[in-house]
Amino acid sequence: MIEPLLAFQNVDISYGDQPVVNNINLKIEQGEILGIVGESGSGKSTLIKAAMGLLDPTGLVNQGDIFYKGHNILNMNAEKIRALRGPEMGIIFQNCGSALCSIRTIRDQLYETMEQHGFKDHKEVDQRAKTLFEKINLNDSDRILNSYPFELSGGMNQRVGIVMAMMLEPDMLFADEPTSALDVTVQAQVIREMMKLRDEFGTAIAIVTHNIGVVSYMADKVAVMCQGQLVEYGKTRDVIDYPQEQYTRQLIQAVPRIRRR
């Protein structure tokens, strides 16, 4: 049997003495898009932070296992987890502009990131970046690379974040509320660009959002979380068309959906 790319098995997570995630079982296959939906505070972002080894100092996985390509992330030391970030697992933050250094150009920040993973040839880094910019419909790549984050719009900074996350072509991409700070038009564009990258590279994506309409548009499977519990999980069409839980029905009724072209 082929192992899933990423699997959460009976995972409990707490911050200090406060439980925030309880007995989560999820898996993501290569090239699959999983949408993790629920209200703020339901534990969605905590799950992906645990997989990336990015829980804050008070965060702790109290029980269970998180496997990536068959290896338990929770048994890895900090050095091994850092080695996974970038080449194996990438992340797009909710507000990529705030995650970037405001006093350094996008090009310099890309150089620094890539040098950490052995890419010393700046021409190669430039070419990789420009190729990815083209794939997500950003054609003025030299201007963007020479810009500071505050010189770019929110939508452009989000797309820069996508490029940074995809520079090393990771097999697993986490997206933590990547469109919540954008207007509706730009949201739809960024989502389509993420899906294009999945199609291009076969990258699996776990997108965390409170908007089940976004998940309905792009995800193969959906996990619905409420107060740290996984209340519904399955193929997107099954969950959206035949929700079993009242909470899921309320989410579906509360948000608009993005129409496919």
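Note that the coordinates shown come from a computational prediction; the quantities given were computed from them, not determined experimentally. Sequence positions are assigned chain by chain, starting from 1 and proceeding in written order. Totals for whole chains, interfaces and linings use all residues, but because this is a predicted model, local features are given only for residues with pLDDT of at least 70 and pairs of side-chain atoms are given and counted only at 80 or more. Side-chain numbers here rest on the full set of heavy atoms in the structure, without hydrogens or water.

Enquirer: Kindly report on the overall build of the protein chain, identifying the contributing residues and their values.
Expert: Counting from the N terminus, the helices are DSSP H or I runs at least four residues long and the strands are E runs at least two residues long. Per the secondary structure count, the protein chain includes 11 helices and 10 strands. Note that the radius of gyration is over C-alpha atoms, with the globule rule given as 2.2 Å times the number of residues to the power 0.38. Taking 2.2 N^0.38 as the reference for a compact globule, 261 residues should give roughly 18 Å; the C-alpha atoms of the protein chain span a radius of gyration of 18 Å, in line with that estimate. Taken along the three principal axes of its C-alpha coordinates, the protein chain extends 50 × 45 × 40 Å. With a 1.4 Å probe rolled over the protein chains alone, any residue whose accessible area is under 20% of its type maximum counts as buried; one over 50% counts as exposed, and the rest are partly exposed. Among the 261 residues that make up the protein chain, the fraction classed as buried is 50%. The contact definition used throughout considers only heavy atoms, calling two residues in contact when any of these lie within 4.5 Å. The contacts in the protein chain between residues at least 6 apart in sequence include a share of 69% that link residues at least 24 apart. When the accessible surface of the protein chain is split by element, carbon and sulfur atoms take 46% of a total near 12,700 Å². Positive charges are assigned to Lys and Arg, negative charges to Asp and Glu, while His and the chain termini are left out of the count. Note that the charge is assigned to NZ on lysines, CZ on arginines, CG on aspartates and CD on glutamates. Distance from the positive charge centre (27 side chains) to the negative charge centre (33 side chains) of the protein chain: 4 Å. Note on areas: Shrake-Rupley, 1.4 Å probe, and residue coverage restricted to the protein chains presented here.

Enquirer: Please set out helix 11 (residues 246-254) residue by residue, giving values where relevant.
Expert: Along helix 11, the positions that sit buried rather than exposed are Y247, T248, L251 and I252. Within helix 11, the buried residues cover an arc of 140° as seen down the axis, which keeps them to one side. Opposite its buried face, helix 11 presents the exposed residues Q253 and A254, each directed more than 90 degrees away. Tucked inside the fold, the buried residues of helix 11 contact strand 3 (33-37), helix 9 (212-218), strand 9 (221-226), strand 10 (229-235) and helix 10 (236-241). For this quantity, the arc is that covered by the directions from the helix axis to the C-beta atoms.

Enquirer: Hey, could you go over the sheet that holds strand 10 for me, with residue numbers and the actual values?
Expert: Read from one edge to the other, the open sheet built from 6 strands follows the order 6-7-8-3-9-10, with strand pairing classed as mixed. At either margin of the open sheet sits one strand with a lone partner, and together these are strand 6 (89-92) and strand 10. For this sheet, the mean inter-axis angle between neighbouring strands, taken without regard to orientation, is 15°. Where strand 9 and strand 10 come together, 6 bridges link them in antiparallel fashion. In the strand pairing of strand 10, A223 is matched with Y233. Note on definitions: angles span 0 to 180 degrees between N-to-C directions of axes, and those axes are lines fitted to C-alpha atoms, for helices only across the stretch in contact. Here helix 8 (residues 184-201) sits on the sheet in contact with strand 3, strand 6, strand 7 (172-176) and strand 8 (204-209), set at roughly 160° to strand 8. Two strands are said to pair when DSSP picks up at least two bridges between them.

Enquirer: Report on the pairing of strand 4 (residues 59-68), specifying residues and quantitative values.
Expert: Where strand 1 (residues 6-15) lies against strand 4, 8 bridges are found, and the strand directions are antiparallel. Across the sheet, the residue bridging to F8 is I66, located in strand 4. The sheet contact formed by strand 4 and strand 5 (residues 71-72) spans 2 bridges and is antiparallel. Paired with F67 across the two strands is N72, which belongs to strand 5. Counting the residues that bridge the hairpin from strand 4 to strand 5 gives 2 residues, and of these K69 lies at a positive phi of roughly 50°.

Enquirer: Could you give an account of the layout of surface pockets, with specific residues and numbers?
Expert: One simple way to see leftover space: roll a probe sized like a water molecule over the atoms. Grid spacing is 1 Å over the protein atoms alone, the probe is 1.4 Å, and a cavity is where that probe fits but cannot get out, while a pocket is an open set with protein on both sides within 12 Å along at least five of seven lines and lining residues have an atom within 4 Å of a point. Grid points are joined across faces, edges and corners, and a volume is the space filled by probe spheres set on the points. Estimates place the volume of the largest pocket at around 680 Å³. Around the largest pocket, the lining is made up of 23 residues, and of these I91, F93, T113, M164 and A165 lie nearest the centre. Broken down by secondary-structure element, the contributors of at least two residues to the lining of the largest pocket are strand 6, helix 3 (96-99), helix 4 (106-115) and helix 7 (154-166). The element best represented in the lining of the largest pocket is strand 6, accounting for 4 residues.

Enquirer: Could you give an account of the environment of I66, with specific residues and numbers?
Expert: If you trace the backbone, I66 turns up in strand 4. Owing to a relative accessible area of 0%, I66 belongs among the buried residues under this scheme. Put simply, I66 and A51 are 15 residues apart on the chain and 6.7 Å apart in space, counted from C-alpha to C-alpha.

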